[in-house]
Amino acid sequence: MNEALIVDAVRSPIGKRNGTLSHIRGDELSAQVVNALVERNSVDPAEIEDVQWGCVTQIDEQAWNIGRNVSLTAGWPVSVAGTTVDRQCGSSMQTNFNAAAAVASGQLDLVVSGGVEMMSRVPMGSNNGSMSPLVYERYDIVMQGISAEEIAKQWNLSREELDRISYESHQRAARAIDEGRFEKEVVPVEVDVPEEGDGGAPTLTRVRFAVDEAVRRETTLEKMASLQPAFIADGVVTAGNSSQIVDGSAAVLVASEAKASELGLTPRARFVSFGVVGVEPHLMLHGNPEASAKALAKAGLTWDDMDVIEVNEAFASVVAQFNADAGLQERYEAGDVNPNGGGISLGHPLGATGARITATLVSELERRNGRYGLATMCIGFGQAIAAVIERV
Ligand SMILES: CC(C)(COP(=O)(O)OP(=O)(O)OC[C@H]1O[C@@H](n2cnc3c(N)ncnc32)[C@H](O)[C@@H]1OP(=O)(O)O)[C@@H](O)C(=O)NCCC(=O)NCCS
């Protein structure tokens, strides 16, 4: 098998709901991200063979195979193919998997893997999905927030614990921004933001957007404790301990060794292994330990080999359940798990998050001079996906 090298991994800053990025389409935002990726690596877009793009709510501006449209919007040659992948919240970790598998098997040599979700413009669920009555007969299908409540109940997680994880997420993300920890991964983007005139038509002002916008650095445990449950009246899951609804895009450049050497590219890391797993659809969000165990087994490595671990903060209960089941509570407290915040503080732009946490993991491994990292994500309706990467 060939090595699947991570040449580089970048992302847009994440925009809060109805914030700065709500004024740009997802294909146009993604085009800026992928152009920044190739420009900073001096890669001619004509060299890219395929764009593998994660996106969950594939309707309206995110429909019609947005992966292909990203490439066309970016002004790349028509020869660059593109596809769109839906593995729900794990979509752009799946595009990593697809890109790495294609490179490892020798089918492709240079692939852009990534994703987008503009949750302000194309709301989650607006594609009006449904399942067969046969599935509804077999499983009690609920929305993610209800599963987050169910996990809190089954794992005996208190509201205080969930709020503490969430408060910590905001503190860690604010520190990461202040210390410039995202500088290697965030590519500033330009957005035409309308400004209301005196009763006239709004004028457009071009804004350079460079810093994650959703982090609530002023939040306190007291404020978080005062929030009402978001999904069930006597529940523990609130707006404060759920991932935020946001806008964003992220991209990873994946190359074979031969292509990297032909183009003079210096890889930052490589994909070592992946793990995917299906779990019970009602509880749905508890598969991270199992997917991680599969990826670790394939790599022949253990948690002790992992210098940094990213678990997607879909909900604080997911993080707590993962830490408990994977035996990582101490490492979470020590800052080895989600050292720079996550979906609760930065936000979780569904289709983009897999590539986003990959970019964050690569940067953090470099900052720590670490070797191996693992990223894992739970997935709507009962799955999980994990990847092990190694700095090279
Ligand atoms: C939980 C959820 C329904 C909350 O939606 P919402 O009520 O619109 O949430 P908001 O983020 O706008 O927060 C509402 C208010 O709560 C308060 N609040 C939220 N987080 C807070 C925090 N950390 N500290 C203090 N106040 C907070 C604020 O007053 C906020 O209003 P503001 O933004 O005007 O200041 C929504 O965020 C959600 O569905 N998240 C999960 C998404 C999801 O399922 N993703 C897939 C995962 S599998």
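Described in the following lines is the structure provided in the data block. (Residues numbered from 1 in each chain as written. Predicted model: local features only at pLDDT ≥ 70, side-chain atom pairs only at ≥ 80, totals over all residues.)

Moving on, we get to the overall build of the chain. Across its full length, the chain holds twelve helices and twelve strands. Taken against the 2.2 N^0.38 rule, which gives 21 Å for 392 residues, the C-alpha radius of gyration of the chain at 20 Å falls within 12% of a compact globule. Counting across all 392 residues of the chain, residues that qualify as buried make up 57%. Put simply, 81% of the contacts in the chain that link residues at least 6 apart link residues at least 24 apart. (Helix = DSSP H or I, 4+ residues; strand = E, 2+ residues; numbered from the N terminus. Rg over C-alpha atoms; globule rule 2.2 N^0.38 Å. Buried ≥ 20, exposed ≤ 12 C-beta atoms within 10 Å, placed from the backbone. Contact = placed C-beta atoms within 7 Å.)

Take the site of the ligand next. Near the ligand there are 18 residues, and of these Thr219, Ala239, Gly240, Ser242 and Ala314 occur at the shortest range. When contributions to the shell around the ligand are tallied by element, the ones reaching two or more residues are α5 (144-154) and α7 (221-225). Its residues placed into classes, the shell around the ligand shows seven nonpolar, nine polar and two charged. (Near = placed C-beta within 6 Å. Nonpolar A, V, L, I, M, F, W, Y, C, P; charged D, E, K, R; others polar.)

Moving on, we come to the nonpolar core. Core analysis: the largest hydrophobic core is formed by 119 residues, its most contacted members being Ile6 and Val254. The element best represented in this core is strand β8 (residues 246-255), accounting for seven residues. In this structure Ile6 touches Val252, Val254, Pro267, Arg268, Ala269, Arg270, Phe271, Val362 and Ile389, once residues within four positions along its chain are discounted. (Core = buried A, V, L, I, M, F, W, Y, C linked by C-beta atoms within 7 Å.)

Before going further, it helps to examine helix α6 (residues 159-178). Note: α-helices contain 3.6 residues per turn, so residues at a spacing of three or four share the same orientation. An ideal rise of 1.5 Å per residue puts 28 Å on 20 residues; α6 measures up with 29 Å between its terminal C-alpha atoms. Residues Leu162, Asp163, Ile165, Ser166, Tyr167, Glu168, Ser169, His170, Arg172, Ala173, Ala176 and Ile177 constitute the buried set of α6. Contacts from the buried residues of α6 go to α5, α7 and α10 (316-326). The first or second residue beyond α6 is Gly180, which carries a positive phi of 70°. (Expected span 1.5 Å × (residues − 1).)

A word on the pairing of strand β4 (residues 81-85). Relative to β4, strand β3 (residues 50-54) is paired through five bridges, and the arrangement is parallel. When the bridges of β4 are listed, Gln52 appears paired with Thr83. Handedness of the β3-helix α2 (residues 66-73)-β4 crossover: right-handed. (Pairing = 2+ DSSP bridges. Right-handed = clockwise from strand over helix to strand, strands pointing away.)

Further remarks concern unusual backbone geometry. Here the phi dihedral of Asn18 falls at roughly 60°; this positive angle occurs in a residue that is not glycine. The phi dihedral of Asn65 is positive, around 60°, even though this residue is not glycine. Among the structural elements, Asn65 can be located in the loop between β3 and α2. On the basis of neighbour counts, which here come to 15 C-beta atoms within 10 Å, the residue Asn65 falls in the partly exposed class.

What follows is about the pairing of strand β10 (residues 306-311). The buried fraction of β10 is high, at five of six residues. Note that β10 and strand β11 (residues 372-379) share five bridges and pair parallel. Bridge pairing in β11 links Val311 to Thr376.

Glancing now at α5. Of the positions making up α5, those classed as buried are Gln144, Ser147, Ala148, Glu149, Glu150, Ile151 and Ala152. Check the buried side of α5 and you find it contacts α6 and α10. In the stretch just after α5, Asn156 is the one whose phi turns positive, near 55°.

Attention shifts here to the environment of Ala214. With respect to the helices, strands and loops of the structure, Ala214 is situated in the loop between β7 (203-209) and α7. With 26 C-beta atoms counted inside 10 Å, the residue Ala214 sits in the buried group. Linking Ala214 and Gly287, residues 73 residues apart in sequence, is a C-alpha distance of 27 Å. Those residues in contact with Ala214 that lie beyond four places of it in its chain are Ile14, Lys16, Gln244, Val246, Leu346 and Gly347.

Looking at the secondary structure, you find Ser91 in helix α3 (residues 91-104). It is 7.1 Å that separates the C-alpha atoms of Ser91 and Val56, two residues lying 35 residues apart in sequence. Non-local contacts of Ser91, meaning those with residues more than four positions away in its chain, are made with Gly54, Cys55, Val56, Val85, Asp86, Gly115, Leu350, Gly351 and Gly354.

This paragraph deals with the packing of helix α1 (residues 26-40) against α2. Put simply, α1 and α2 touch, their axes get as near as 8 Å, and they point 60° apart. When the axis of α1 is compared with that of α2, the two are oblique. The chirality of how α1 crosses α2 is right-handed. Taken together, the residues of α2 that come into contact with α1 (itself represented by Gly26, Asp27, Glu28, Ser30, Ala31 and Val34) are Ile66, Asn69, Val70 and Thr73. Classifying every residue of the contact of α1 with α2 by side-chain character gives four nonpolar, four polar and two charged. (Axes fitted to C-alpha atoms, helices over the stretch in contact; angles between N-to-C directions. Parallel < 35°, antiparallel > 145°, perpendicular 65-115°, else oblique. Left-handed = near helix turned anticlockwise from the far one by under 90°.)

Our next topic: the environment of Asn312. With respect to the element layout, Asn312 can be found in the loop between β10 and α10. C-beta crowding within 10 Å serves as the criterion here: with 30 such atoms nearby, Asn312 is assigned to the buried category. Sequence separation between Asn312 and Glu213 is 99 residues; the distance between their C-alpha atoms is 18 Å. Setting aside residues no more than four positions away along its own chain, Asn312 makes contact with Cys89, Gly342, Gly343, His348, Thr353, Ile357, Met377 and Cys378.

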